[in-house]
Amino acid sequence: MSTEHEQRTIRCLVAKVGLDGHDRGAHVIARAFRDAGFEVIYSGLHKSPDDIVQAAVQEDVDVLGISILSGAHDTLVPRVLEGLGEYDALDDTLVLVGGIIPEDDREELYEAGVAEIFGPGASMEETIEFVRENAPKR
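Anyway, here's the lowdown on the structure attached to this text. (Residues numbered from 1 in each chain as written. Predicted model: local features only at pLDDT ≥ 70, side-chain atom pairs only at ≥ 80, totals over all residues. Heavy atoms only, no water.)

Turning next to a negative patch on the surface. A contiguous patch of negative charge, built from Asp 50, Asp 51, Glu 82 and Glu 86, is present on the exposed surface. Secondary structure elements with two or more residues in the negative patch: α2 (49–59) and α3 (73–86). Mapped onto the fold, Glu 86 is located in helix α3. (Patch = residues over 30% accessible without salt bridge, like charges linked within 9 Å, V, L, I, M, F, W, Y side chains within 5 Å. Areas by Shrake-Rupley, 256 points an atom, 1.4 Å probe, with all protein chains shown as cover. Salt bridge = Lys/Arg side-chain N within 4 Å of Asp/Glu carboxyl O. Lys, Arg positive; Asp, Glu negative; His and termini not counted. Charge placed at Lys NZ, Arg CZ, Asp CG, Glu CD. Helix = DSSP H or I, 4+ residues; strand = E, 2+ residues; numbered from the N terminus.)

With six of six residues buried, strand β1 (residues 11–16) lies mostly within the body of the structure. Strand direction decides the pairing type here: β1 and strand β2 (residues 39–42), joined by four bridges, are parallel. Bridged to Cys 12 within β2 is Val 40. Once you follow β1 into helix α1 (residues 24–35) and on to β2, the crossover reads as right-handed. Bridge analysis of β1 against strand β3 (residues 63–68) gives five bridges, and the strand direction is parallel. In the strand pairing of β3, Ala 15 is matched with Ile 66. (Buried < 20%, exposed > 50% of the residue type's maximum accessible area, 1.4 Å probe, protein only. Pairing = 2+ DSSP bridges. Right-handed = clockwise from strand over helix to strand, strands pointing away.)

This part is about the packing of α1 against helix α5 (residues 124–134). Each pair of packed helices gets described by two things: the angle between the helix axes and the distance between those axes. Closest axis-to-axis distance for the α1/α5 pair is 10 Å, and the angle between their directions is 60°. In terms of their interaxial angle, α1 and α5 are classed as oblique. Both α1 and α5 take part in a crossing whose hand is right-handed. Counted together, Val 28, Ile 29, Ala 32 and Phe 33 of α1 and Met 124, Thr 127, Ile 128 and Val 131 of α5 form the full contact between these two elements. (Axes fitted to C-alpha atoms, helices over the stretch in contact; angles between N-to-C directions. Parallel < 35°, antiparallel > 145°, perpendicular 65-115°, else oblique. Left-handed = near helix turned anticlockwise from the far one by under 90°. Contact = heavy atoms within 4.5 Å.)

Bringing α2 into the picture now. The periodicity of an α-helix, 3.6 residues per turn, causes residues three or four places apart in sequence to face the same way. Buried within α2 are the following residues: Pro 49, Ile 52, Val 53 and Ala 56. What you see down the axis of α2 is that its buried residues fit within an arc of 100°, all on one side. Looking at the buried positions of α2, the neighbouring elements they touch are β1, β3 and α3. Among the residues trailing α2, Asp 60 stands out with phi positive, at a value near 50°. (Arc of directions from axis to C-beta.)

Proximity of charged atoms lets side chains of opposite charge pair with each other. The full count for this structure, using the stated rule, is four salt bridges. In this structure, Arg 11 engages Glu 59 in a salt bridge whose closest nitrogen and oxygen atoms are separated by 2.9 Å. You can see Arg 11 sitting in strand β1 and its partner Glu 59 sitting in helix α2, a full 48 residues away along the chain. A salt bridge links Lys 16 to Asp 20; the shortest N-O distance between them is 2.9 Å. On the basis of relative accessibility, which here comes to 0%, the residue Lys 16 falls in the buried class. Looking at Asp 20, the relative accessible area reads 3%, which means it is buried.

What follows deals with the packing of aromatic side chains. In the structure shown here, the tally under the stated rule is two aromatic pairs. Judged by centre distance (5.3 Å) and plane angle (65°), the rings of Phe 33 and Phe 38 are edge-to-face. Both residues of the pair, Phe 33 and Phe 38, belong to the buried class. Centre to centre, the rings of Phe 118 and Phe 130 are 5.8 Å apart; their planes meet at 75°, and the pair counts as edge-to-face. A residue pair is termed long-range when its members are at least 10 positions apart, and Phe 118 in strand β5 (residues 116–118) and Phe 130 in helix α5 qualify at 12 residues. In this structure Phe 118 comes out as buried when scored by relative accessible area, which is 10%. (Phe/Tyr/Trp six-rings, centres within 6.5 Å; stacked < 30°, edge-to-face > 60°.)

Spelled out as structure tokens, the structure:
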């Protein structure tokens, strides 16, 4: 007899990968996720793809939100996804990407395992609702 309130808290890692030093958006989404009742871990700046994979696996997160504005999404995000795959963690981790991702690059990221891409102007409500509806049930 479980209700929605008895379900465990959704665990999220908000990650900054690569040399991108712009973290305002990552802080905004981390606060919004906390306010929505999610448990949030923030990676800090300048993390390698392997750092992000290790944190996601060790913290057993449900959701990995990668914030990237550097333009290196086409190399860094696939490396994170491959790393999650090596730990058999890709199938039970909802991977989101936030930032400026050109339309031409999106399909490749979706095919690699990204669940959704949120660009500038995406609402917090839309993002939170997507997480609630799509976070893995464990």
